[in-house]
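The primary structure of each chain is shown beneath.
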Amino acid sequence: MSLKKLINQCKKGDRKAQEQLYRKYSSVLYGLCLKYSRNKTEAEDNLHDSFITIYDKIDQFKFKGSFEGWLKRITVNTVLQKYRKGQHMNVVSDNLSEEEDLDYDYPDVQLSTLLQYVQELPNKYRLTFNLYVLDGYTHKEISELLGTSTGTSKSNLSRAKMILKEKLKKENINIA
């Protein structure tokens, strides 16, 4: 079945088409959820919530732009909305005395180790880090998504980098 036909069937509420859509995109969206979640169970919950939102809003997809990009945007927004509503994020100060750059090219660090360290970050730091570093959002966009100021976004990113740097130092991983 073509993607367009699959989407149109989902718009009609066809359960088999929804299942096919889930099978086609669940692994990609699960990876995205895992980036924004503290553990696998939370990522699975976020994936489930995202697909519910996707099925509810699929009528809004007008076949303009990438469907996978649309799915990813829905997923990120669903996860962030869940955190905002649940007040899972700690408020931090907008002020930070100095920002520190961190080089992300670590050949000695396994991806699973780095992912674990990112997942251990406090929620606001983790979300800001992922949005900025991994997904390429600007501080202005992040502040709008998270309902904070751009200064808070910059501060959260800097603190996330410092925490990650300290964790890597404790593992005796040379980070320059």
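Check the entry above for the structure.
Note that this is a predicted model, so its numbers are computed, not measured. (Residues numbered from 1 in each chain as written. Predicted model: local features only at pLDDT ≥ 70, side-chain atom pairs only at ≥ 80, totals over all residues. Heavy atoms only, no water.)

Q: How would you summarise helix H1 (residues 3-11) if you had to cite specific residues and measurements?
A: Within the span of H1, buried status applies to Leu6, Ile7, Gln9 and Cys10. When H1 is viewed along its axis, its buried side chains cluster within an angular range of 160° and face the same direction. (Buried < 20%, exposed > 50% of the residue type's maximum accessible area, 1.4 Å probe, protein only. Helix = DSSP H or I, 4+ residues; strand = E, 2+ residues; numbered from the N terminus. Arc of directions from axis to C-beta.)

Q: With reference to specific residues and values, describe the packing of helix H6 (residues 123-134) against helix H7 (residues 139-146).
A: Where H6 meets H7, the axes come as close as 10 Å, and the angle between the chain directions of the two elements is 140°. In terms of orientation, H6 lies oblique with respect to H7. Here the hand of the crossing between H6 and H7 comes out right-handed. Contact with H6, carried on its side by Lys124, Leu127, Thr128, Leu131 and Tyr132, involves His139, Ile142, Leu145 and Leu146 of H7 and no other residues of that element. (Axes fitted to C-alpha atoms, helices over the stretch in contact; angles between N-to-C directions. Parallel < 35°, antiparallel > 145°, perpendicular 65-115°, else oblique. Left-handed = near helix turned anticlockwise from the far one by under 90°. Contact = heavy atoms within 4.5 Å.)

Q: Tell me what's going on with the packing of aromatic side chains, and back it up with residues and numbers.
A: On inspection of all chains with the given rule, the structure shows seven aromatic pairs. Between phenylalanine 67 and tryptophan 70, the aromatic rings sit 5.8 Å apart at their centres with planes inclined by 20°, giving stacked as the arrangement. Taken together, the positions of phenylalanine 67 and tryptophan 70, both in helix H4 (residues 67-86) and three residues apart, correspond to about one turn of that helix. Grouping residues by exposure puts phenylalanine 67 and tryptophan 70 together as buried. Members of the aromatic cluster, joined through ring pairs, are Tyr25, Phe61, Phe63, Phe67 and Trp70. One residue, lysine 4, lies across the ring of phenylalanine 63, its end atom 5.3 Å from the ring centre. (Phe/Tyr/Trp six-rings, centres within 6.5 Å; stacked < 30°, edge-to-face > 60°. Lys NZ or Arg CZ within 6 Å of the ring centre and 35° of its normal.)

Q: Could you give an account of the pattern of salt bridges, naming the residues involved and the relevant values?
A: Overall, the coordinates contain seven salt bridges when judged by the stated rule. As a salt-bridge pair, glutamate 19 and arginine 23 come within 2.8 Å of each other at their nearest N and O atoms. Here the residue glutamate 19 and the residue arginine 23 both occupy positions in helix H2 (residues 15-36), the gap between them amounting to four residues, near one helical turn. With relative accessibility at 41%, the residue glutamate 19 sits in the partly exposed group. Look at arginine 23 and you get exposed, because its relative accessible area is 61%. (Salt bridge = Lys/Arg side-chain N within 4 Å of Asp/Glu carboxyl O.)

Q: So what's going on with the nonpolar core? Residues and values would help.
A: Leu21, Ile54, Phe67, Trp70 and Leu131 are the most contacted members of the largest nonpolar core, which totals 31 residues. Of all the secondary-structure elements, those providing two or more residues to this core are H1, H2, helix H3 (40-57), H4, H6 and H7. Counting residues in each nonpolar core, the second largest holds nine residues, with Leu121, Leu157, Leu164 and Leu168 among its members. (Core = buried A, V, L, I, M, F, W, Y, C linked by side-chain atoms within 4.5 Å.)

Q: If you had to explain unusual backbone geometry to someone new, which residues and values would you point to?
A: Notably, phenylalanine 63 is not glycine yet its phi reads approximately 60°, a positive angle. Positionally, phenylalanine 63 belongs in the loop between H3 and H4. On the basis of relative accessible area, phenylalanine 63 is assigned to the partly exposed category, the value being 32%.

Q: Break down the packing of H2 against H3 for me, citing the residues and quoting the values.
A: It is at 9 Å that the axes of H2 and H3 come closest, and there the two elements cross at 135°. As judged from the angle between their axes, H2 and H3 are oblique. In the packing of H2 onto H3, the handedness of the crossing is right-handed. Contacts between H2 and H3 pair Gln18, Glu19, Leu21, Tyr22, Tyr25, Ser26, Leu29, Tyr30, Cys33, Leu34 and Tyr36 from the former with Lys40, Glu42, Ala43, Glu44, Asn46, Leu47, Ser50, Phe51, Ile54 and Tyr55 from the latter. Grouping the amino acids of the contact of H2 with H3 by side-chain chemistry returns 13 nonpolar, four polar and four charged. (Nonpolar A, V, L, I, M, F, W, Y, C, P; charged D, E, K, R; others polar.)

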